[in-house]
Every structure is written in structure tokens, then in C-alpha cells.
Amino acid sequence: QVLLVESGGGLVQAGGSLRLSCAASQRFLSTAFMGWFRQAPGKEREFVASIRWTGTKYYADSLKGRFTITRDNPKITVYLEMNSLKPEDTAVYYCAADVHNTLNYWRQEEYDYWGQGTQVTVSS
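Residues numbered from 1 in each chain as written. Predicted model: local features only at pLDDT ≥ 70, side-chain atom pairs only at ≥ 80, totals over all residues. Heavy atoms only, no water.

Honestly, the nonpolar core in this entry has me stumped. Any pointers?
In a soluble, globular protein the nonpolar side chains are often hidden away together inside. Membership of the largest hydrophobic core comes to 37 residues, with the highest contact counts inside it found for L4, M34, W36, L80, M82 and Y93. Elements that contribute at least two residues to this core include exactly strand 3 (18–24), strand 4 (33–39), strand 5 (46–51), strand 6 (57–59), strand 7 (67–72), strand 8 (77–82), strand 9 (91–98) and strand 11 (118–123). Considering every element that reaches this core, the biggest residue donor is strand 9, with five residues. Not counting residues up to four positions away in its chain, the partners in contact with M82 are G16, S17, L18, L20, R66, F67, Y93 and V120. (Core = buried A, V, L, I, M, F, W, Y, C linked by side-chain atoms within 4.5 Å. Buried < 20%, exposed > 50% of the residue type's maximum accessible area, 1.4 Å probe, protein only. Helix = DSSP H or I, 4+ residues; strand = E, 2+ residues; numbered from the N terminus. Contact = heavy atoms within 4.5 Å.)

Where do I start with unusual backbone geometry in this structure?
Peptide bonds are, in most cases, trans, and in most cases residues other than glycine have a negative phi. Even without glycine at this site, I76 takes up a positive phi of about 50 degrees. Among the structural elements, I76 can be located in the loop between strand 7 and strand 8. Even without being glycine, N101 reaches a positive phi, approximately 50 degrees. Relative to the helices and strands, N101 is located in the loop between strand 9 and strand 10 (113–114). The partly exposed category is assigned to N101, whose relative accessible area is 28%.

How do you make sense of the packing of aromatic side chains when you look at a structure like this?
The final tally for this structure, using the stated rule, is eleven aromatic pairs. Residues F37 and W114 carry aromatic rings whose centres are separated by 5.1 Å and whose planes lie at 55 degrees to one another, so their mutual orientation is tilted. Of the two residues, F37 sits in strand 4 while W114 sits in strand 10, which places them 77 residues apart along the sequence. The residue whose ring lies beneath R19 is Y79, and the NZ or CZ to ring-centre distance is 4.0 Å. (Phe/Tyr/Trp six-rings, centres within 6.5 Å; stacked < 30°, edge-to-face > 60°. Lys NZ or Arg CZ within 6 Å of the ring centre and 35° of its normal.)

Is there a simple way to think about the sheet that holds strand 8 in this case?
One open sheet holds the four strands; their spatial order is 1-3-8-7, and the pairing between them is antiparallel. Each edge of the sheet is formed by a strand with only one pairing partner; in this case those strands are strand 1 (4–7) and strand 7. Each strand axis lies, on average, 15 degrees off the axis of its neighbour in the sheet, ignoring direction. By the bridge criterion, six bridges tie strand 3 to strand 8 in an arrangement that is antiparallel. The residue bridging C22 from the neighbouring strand is V78, located in strand 8. (Pairing = 2+ DSSP bridges. Axes fitted to C-alpha atoms, helices over the stretch in contact; angles between N-to-C directions.)

As C-alpha cells, then:
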């Protein structure tokens, strides 16, 4: 049963923008703490951003100002707007959901459900 489905990845030139979407298929995820992680080739998965159903947002320090996370609670969808993209942003981006509303938002172990990932490639 697929609970989270990401979309919006693709190939973009450096300096460009992309908007990722993550749609949850089950209503119980409408109040889940939702996040984005990414994994570049040869690297560990890292935290990107997350958002509580109340709207409180968290970002990786290195991405503040370029990435924006939002959510549409009625649609149970989370978005990641990525601007001024750099080649080092190239990675598979994963959507995740935590139903316990963890305080450790940066820890992937805290998230209960994961999407399949969407590839983002930024060319120089």
C-alpha cells in the first residue's frame, strides 16, 4: 500500500527552480508531521525540511532561503519549492511522514512512512 507519492522531480539547469509535491493517500496522515529528505549519490540521506500540520516549519541550515516547504492539509499534500538550484542539490528527494509529531525533526529514524523518491538533477 503506497501512502506517499512524490512528483515534480526532473532535470533543471543551475539557477533554475523546481516544485516537488508529496501526496498522501490516507486521511490519517492529514495531521502527520511531514518532511523532505534527500540522498545524493554516494552520500547518506540528509534532512531538507519539514512542516507540522499547524504550519510550523524547519529547514536544514544550508538550505534556508532557497527552499520553502508548504502543505495543503485538506489535500494532504506537502510541497517543496526549490529555487536557485545548484548542481550539489542533485539527489533523490524523499517525502516522509511521522504520525507521532517528533521533536527530532531532523532524524530520519523518527519518520514512519516514506515515499519512493523523485530524482532531481541540476546541470551546471
